[in-house]
Every structure is written in structure tokens, then in C-alpha cells.
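Descriptive analysis of the structure
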Amino acid sequence: MHRYAPYLDSLSAQSAAMTDLVADWVKVRSGSYDTAGLARMAAKLKTSFAALGGTCEELPLPPQAAIDPQGSSCFLPLGQALRFRKRPDAPLQVFLGIHYDVVYGGPAGVSDVAADAAIRLEAGVLHASGAADAKGGLVILLKALEAFEASPFSAGVGWEVLLNPDEELGSPGSLPLLKEAAGRNHLGLLFEPCLPDGNLVGARKGSGNFTAVVRGRAAHAGRDPHLGRNAIHAMAELIVELDRFGRERPGLNVNVGRVEGGGALNRVPDLAIARFNLRAGGAADQAAAEDFLRGLAAGFASREGYSLELHGYFTSPPKPLEGGTLDLLKAVAECGGRLGMDLRWQASGGVSDGNKLAAAGLPNVDTLGARGDNIHSPKEWLALDSLPERARLTALLLMRLGSGELAWPAAGSGRGG
Ligand SMILES: [Zn+2]
């Protein structure tokens, strides 16, 4: 351990610098659809990460396909991804990534005034939306790499950093970049927040966002109700069926999050839109959900005067805890042990880009980021002491890989990439 100590100590000495950096970054509102805010954030990240000495690419993402409130398809502009690579010919290639979009903090989130008012620094805690998820993770990733690059153990390890602006949307635009990275790296490290007690996430459920568009027929509600086909009534039946399906299958969660449609109360509405999220515990649950949706669509095809369109798919397949991913988690926990941290892991219903990387064959640990809580809410907070603590964890992991003390693939593992 002593040979790693100077570089680990340098991180402990940077607590204040890390606090300043994250406090600066949370002030930049970077909601997933706030392309101006995302561009401001990207400029800051580019400056910080380019100093690591790798190549830097700014990669525009294609717009996200979506369904507008009229039920028509539309395209929503996204920010750009940043990719940095160093030593791409080294024998061991490590992928490191995290998103820089946030759920709150842009035109689609809480108001600018509310977002700014929520930022508060007190007693070792930063209260700000996006602080733990994932601007703290961005700081941890940057500082861990700085320490690693300053050490003599970096020569045999190449790395690729991908910072994406659309993860909170399911990474619709950056998915091809994640897949590309999965194909040329041996292991992946993602800097999503760890659990509030400091533990890591092992298995993750799969997730998909879907939009159902029911069209009926408009009519005067008093004069010609028999001519109308009420799209909202039909959608209500569909939602009840979805809810029942979710309750009957323990591995599945159904959440209808938004319903739109209708207008004047004396008119039979001809349009209803429901947006919902499905979570699947395993591949069989995902397949069952896909079958169920196909059945719903087929059932609607025979209803006179109605039509149903279903959009969406499982953007994140379930992430099982097995093979290289389990080996890597054990290696991280072992590094934690050497730093006096007792790291355990548990399953989560939340998804991350780790689901996509695992599905593309890249073993990965995805909760190497900051400790905090209430993520995805205006009450989000970040424990500032977790910044040096977790930067040390990743730096030690990288240095032990680089020194050869930690072999990858782990002994007995089936896959080395
Ligand atoms: Zn996140």
C-alpha cells in the first residue's frame, strides 16, 4: 500500500478544492433538454478533463424521437457528449463515464429561481439538485484520474472517458457511443451516486419508457354521443389493465406517470396519451412485458372506431450481478477495505448506463460516485467528505490495476474483453 500512499494522500489534501469545484458545477443548470445550460457545463468539463492530456472529442448527438401532446412524432434536441482517450494502445483499457445532465435545473425541471435558491452549503453537506447525481461523480472521476496520471502506475493502462448529456432520459442519443466503448474496453467504471449509507449497487432492474396514443372519434356529447368513441375512457381501461399486469408479476413495476388528452367537457375526446415506465427484474420479466404490450395492441385492433399506437422500448436491459461485473465489484470492495471502508452491495430498481454497458458485454461497477440522498428531487444533497473518499477508492483501483497487483480479468473469470 505504501507505494500508492503519496497519490492517495494528494487526494485527501484536495477536499477543499473538490468542494469548490462541485459548488461551481451545480450552479450551472444542465437539465437534459436545456441545451444552452448543457453547453455551458460541457465547456467547463472540457477545460478540466482536457488537462489530463488525452485526446478530446465533442460529439453532437442525434435528437431524441418523442411523441408530442398531439400524439405526433417529434424530435427533441440533445446536448453533446464529450469523449477523452489516453493511451489507446495500452494492454488494459478502462472505460470511465458519467452523465452531466440533471433531472432538475432546466426549463423542464424546477424554475431557475427555485433551483438557485435550493443551493446551500452547510456542515459538510451541499444541498443542490444534481449535486450527488452526478456532479459530485464528475469531480470524483476527474480527481481520481489526475492522481492516477501523476503516479508511475498509469503506463500500462489506457482509458476512455465519456461524459454524456442524456442519461436521465435513458441515453437515447449516447447509446451508440456506450456500445462502441463497451467493445474496446476491458472493464467499466461509472460514477453514479452510491447508496446513502455508502454501499454500492449490484444487480439492477431493466427499464423502458413507453407512450400509448389512443385515438377515438370526436362527437357532440349531448347531441350525438353514440357517434363518439371516447379515447379517454378507452385509455382508462388500458391503464387499469397495465396496473393489473404489474401487480400480478412480482418482477415487474408499472408506473403511468403522465396522462394527456381531451378538452371541452361537452365534446367526446378523440385523443388520449399515457406515458408510462416499466421496470423488469430479469430478462424473463422484460420478455413478458413486451408480450403483454403486443397483446394490448392486438386487443385494440378489433375495437371499432379506436386505434392504439404504442411507442417506446426497454432502453436499459436488466443488469444481473454475475461474471466480470461481480469480479469487479469484489475488487472495488477489496480496495475499499484497504482504505478502511466496509463496502457492501445491494440490488436496485434504478437503472444506469451500467445496464447498457453490461448488455453490450462490458463488466462494470456503476456507483463509484458521491454519497448523498434525495436524488431526482429538489431536496437532493451531497456529503462533501465522500468526494476525496471515493476519489481515493477509484485511484487505488486504477493504480493496483496498473501495477499488476490486481489482475484483470480476475483469476477464474470467463471474460477479459
Ligand atoms: Zn445519475
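None of the values given here were measured: they were computed from a predicted structure. (Residues numbered from 1 in each chain as written. Predicted model: local features only at pLDDT ≥ 70, side-chain atom pairs only at ≥ 80, totals over all residues. Heavy atoms only, no water.)

This next bit is on helix H1 (residues 5–12). Listed in full, the buried residues belonging to H1 are Tyr7, Leu8 and Leu11. Relative to the axis of H1, the buried residues are bounded by an arc of 100° and lie together on one face. Buried residues along H1 sit in contact with helix H2 (15–26), helix H5 (131–150) and helix H11 (386–403). (Buried < 20%, exposed > 50% of the residue type's maximum accessible area, 1.4 Å probe, protein only. Helix = DSSP H or I, 4+ residues; strand = E, 2+ residues; numbered from the N terminus. Arc of directions from axis to C-beta. Contact = heavy atoms within 4.5 Å.)

It is worth spelling out the side chain of asparagine 364 at this point. Looking at the element boundaries, asparagine 364 is found in strand E18 (residues 364–365). Side chain to side chain, asparagine 364 and lysine 319 meet in a polar contact 2.7 Å long. In this structure asparagine 364 touches Gly188, Leu190, Lys319, Thr325, Leu328, Gly354, Leu357 and Ala358, once residues within four positions along its chain are discounted. (Polar contact = N/O pair within 3.5 Å; in protein donor to acceptor, adjacent residues only side chain to side chain.)

Before going further, it helps to examine the sheet that holds strand E9 (residues 187–190). The six strands lie next to each other as E1-E4-E8-E5-E9-E18, forming an open sheet whose pairing is mixed. Each having just a single partner strand, strand E1 (55–60) and E18 make up the two edges of the open sheet. Bridge analysis of strand E4 (residues 80–86) against strand E8 (residues 157–164) gives five bridges, and the strand direction is antiparallel. Its bridge partner lying in E8, phenylalanine 84 is registered against valine 161. (Pairing = 2+ DSSP bridges.)

Here the protein chain averages 94 in pLDDT, and 95% of its residues register 70 or above. Scored below 50 in pLDDT, residues 106–110 shows ten contacts in the model against residues more than four places distant or in partner chains. (pLDDT = per-residue confidence, 0-100.)

The step from aspartate 133 to alanine 134 runs through a cis peptide bond, and the omega angle for that step is 10°. Turning to its location among the elements, alanine 134 is positioned in helix H5. The phi dihedral of serine 171 is positive, around 55°, even though this residue is not glycine. For serine 171, the position within the fold is in the loop between E8 and helix H6 (175–184). A positive phi angle is found at histidine 376, which is not glycine, with a value near 60°. One can find histidine 376 in the loop between strand E19 (372–373) and strand E20 (381–383).

The next subject is the packing of helix H3 (residues 35–50) against H5. Direction vectors running N to C along H3 and H5 enclose 15°, while the axes themselves pass 11 Å from each other. On the basis of their axis angle, the class for H3 and H5 is roughly parallel. In this structure, H3 crosses over H5, and the sense of that crossing is right-handed. Residues Met41, Leu45, Ser48 and Phe49 of H3 form the contact with H5, whose participating residues are Lys135, Leu138, Leu141 and Leu142. When its residues are assigned to classes, the contact of H3 with H5 shows six nonpolar, one polar and one charged. (Axes fitted to C-alpha atoms, helices over the stretch in contact; angles between N-to-C directions. Parallel < 35°, antiparallel > 145°, perpendicular 65-115°, else oblique. Left-handed = near helix turned anticlockwise from the far one by under 90°. Nonpolar A, V, L, I, M, F, W, Y, C, P; charged D, E, K, R; others polar.)

Attention shifts here to the pairing of strand E2 (residues 64–67). Across four bridges, E2 lies against strand E3 (residues 73–76) in antiparallel orientation. By the bridge assignment, alanine 66 is partnered in E3 with cysteine 74. Counted between consecutive antiparallel strands, the loop separating E2 from E3 contains five residues, among which glycine 71 sits at a positive phi close to 85°.

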